[in-house]
Amino acid sequence: MADRMPVLGKPGDTGDPREAGNVHDTRNLHDTRNLHDQRVDYHGDLLPLDLTEFDPWGCFGAWFEQATAEKQAGRLDEPNAMVVSTVDLTPAGPQPTSRVVLLKEWDERGLVFFTHATSRKGRNISDHPLVSVLFWWPSLMRQVRIEGAATAVDRAETEAYFATRPRGSQLGAWASHQSEPLAGRDDLDRALAEVTARFDGVEVPCPPGWGGYRVRPSRFEFWQGQPSRLHDRVASTLLDGDWSSTRLNP
């Protein structure tokens, strides 16, 4: 007789907090597989009708400020969360790959995030620097898509930011070999204990393989949700040092 798939008990039955919420129980999964009736009708202020003087950095700044206000009002958790998509040049061919990271700096030079250079995204950027970025602010019914090239920031900028991180995050950057296989969570716990002892009583330096990347945009797209899926979209493309903007069909 074939082994039966174990059925998980109530949250907390195992005593392991990682099992809380019974996240691996698929008994009711059929209730969420058909999403045909799940829909929201969007709304929001239209983007400028006259795009002659449209400034994509100015629009991004205004929208980001409004997203930050949404966080302060308790309607949005992390306005600086963004999806960064890179291209992995695999033997089978180019493979797009995405993950959520946190924006830590921005100005008209670009958008900065920090990570391990030896992580999958770090290796991807080293091999193929063209990336895309996506911000999604559901409480405002807005998204911003950005395309451009990522380059490493200088070491001084990386170390200055690293010094502002909570000590636990600094130690975690040493303990984790990001994106590499991990035999078990206990191995990570041991690595953290080792670096905690190593840097006991002293400042935690920035790991040599950890750093920042600046995405220099060559294209923005601003998307404002509208009723009946007739969303408002404006794309801005950098051409010979100047931005050219046009409205797109939804």
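Residues numbered from 1 in each chain as written. Predicted model: local features only at pLDDT ≥ 70, side-chain atom pairs only at ≥ 80, totals over all residues. Heavy atoms only, no water.

Draft legend 1. Just the overall build of the chain, in detail. Regarding its fold elements, the chain presents five helices and nine strands. Here the contacts in the chain between residues at least 6 apart in sequence split such that 63% fall between residues at least 24 apart. For the chain, the accessible area works out to roughly 15700 Å², and carbon and sulfur atoms hold 52% of it. (Helix = DSSP H or I, 4+ residues; strand = E, 2+ residues; numbered from the N terminus. Contact = heavy atoms within 4.5 Å. Areas by Shrake-Rupley, 256 points an atom, 1.4 Å probe, with all protein chains shown as cover.)

Draft legend 2. Expanded view of unusual backbone geometry. Even without a glycine there, the phi angle at S228 is positive, about 60°. Looking at the secondary structure, you find S228 in the loop between strand 7 (210-224) and strand 8 (232-239).

Draft legend 3. Representation of the pairing of strand 7 within the structure. A large share of strand 7 lies buried, amounting to 13 of its 15 residues. Inspection of the sheet shows strand 4 (residues 110-116) paired to strand 7 by six bridges, in the antiparallel sense. Paired with L111 across the two strands is V215, which belongs to strand 7. With 11 bridges connecting them, strand 6 (residues 142-152) and strand 7 associate as antiparallel partners. Residue pairing in the sheet places V144 in a bridge with F222 of strand 7. In this structure, strand 7 lies alongside strand 8, joined through six bridges in antiparallel fashion. The residue bridging F220 from the neighbouring strand is S236, located in strand 8. (Buried < 20%, exposed > 50% of the residue type's maximum accessible area, 1.4 Å probe, protein only. Pairing = 2+ DSSP bridges.)

Draft legend 4. Geometry of the nonpolar core. Counting 30 residues, the largest nonpolar core has F60, F135, W137, V144 and F222 as its most contacted members. Listing elements by their share of this core, those giving two or more residues are helix 1 (56-72), strand 1 (81-90), strand 4, strand 5 (130-137), strand 6 and strand 7. Here the element with the most residues in this core is helix 1; it accounts for six residues. The residues touching F222, leaving out its near neighbours within four places in the chain, are L47, F54, P56, C59, F60, W63, Q143, V144, D232, R233 and V234. (Core = buried A, V, L, I, M, F, W, Y, C linked by side-chain atoms within 4.5 Å.)

Draft legend 5. Summary view of the pattern of salt bridges. Tallied over the full model, the rule gives 11 salt bridges. The partner of E70 in a salt bridge is R75, and the shortest N-O contact between them spans 2.9 Å. The exposure class assigned to E70 is buried, which follows from its relative accessible area of 9%. Put simply, D88 and R120 hold a salt bridge, and the shortest N to O gap is 2.9 Å. In this pair, D88 is assigned in strand 1 and R120 in helix 2 (residues 120-127), connecting sequence segments 32 residues apart. Look at the salt bridges and you will find they share partners, linking R145, R219, E221 and R233 into a network. (Salt bridge = Lys/Arg side-chain N within 4 Å of Asp/Glu carboxyl O.)

Draft legend 6. Focus on the confidence of the model for the chain. Of all residues in the chain, 88% attain a pLDDT of 70 or more, and the chain-wide mean is 91. Within the model, pLDDT remains below 50 along residues 1-14, and this stretch shows 10 contacts once partners closer than five positions in the same chain are excluded. (pLDDT = per-residue confidence, 0-100.)

Draft legend 7. Structural context of the pairing of strand 1. Of the pairings in the sheet, the one linking strand 1 to strand 2 (residues 93-102) comprises 10 bridges and is antiparallel in character. Looking at the pairing, V84 lines up with R99 of strand 2. With three bridges joining them, strand 1 and strand 5 adopt antiparallel strand pairing. From the neighbouring strand, S85 faces strand 5, where its bridge partner is S132.

Draft legend 8. The arrangement of the environment of I125 in detail. You can see I125 is positioned in helix 2. Once the C-alpha coordinates of I125 and A152 are considered, the two residues, 27 residues apart in sequence, prove to be 9.2 Å apart. Setting aside residues up to four positions removed in sequence, I125 forms contacts with T86, F113, V131, A150 and Y213.

Draft legend 9. Just helix 1, in detail. Relative to the 24 Å expected for 17 residues at 1.5 Å per residue, helix 1 spans 24 Å between its end C-alpha atoms, a close match to the ideal helical length. Within the span of helix 1, buried status applies to P56, W57, C59, F60, G61, W63, F64, A67 and E70. Among the residues of helix 1, the N-terminal cap falls to D55, whose side-chain oxygen and the backbone nitrogen of W57 are separated by 3.2 Å. Phi turns positive, to about 80°, at G74, one or two residues after helix 1. (Expected span 1.5 Å × (residues − 1). Polar contact = N/O pair within 3.5 Å; in protein donor to acceptor, adjacent residues only side chain to side chain.)

Draft legend 10. View of the side chain of R99. Residue placement: R99 occurs in strand 2. Of the side chains with opposite charge, D88 comes closest to the buried, unpaired R99, at an N-O distance of 7.1 Å. Polar contacts involving the side chain of R99 include one to the side chain of T86, which spans 3.1 Å. Non-local contacts of R99, meaning those with residues more than four positions away in its chain, are made with M82, V83, V84, S85, T86, K121 and N124. (Lys, Arg positive; Asp, Glu negative; His and termini not counted.)

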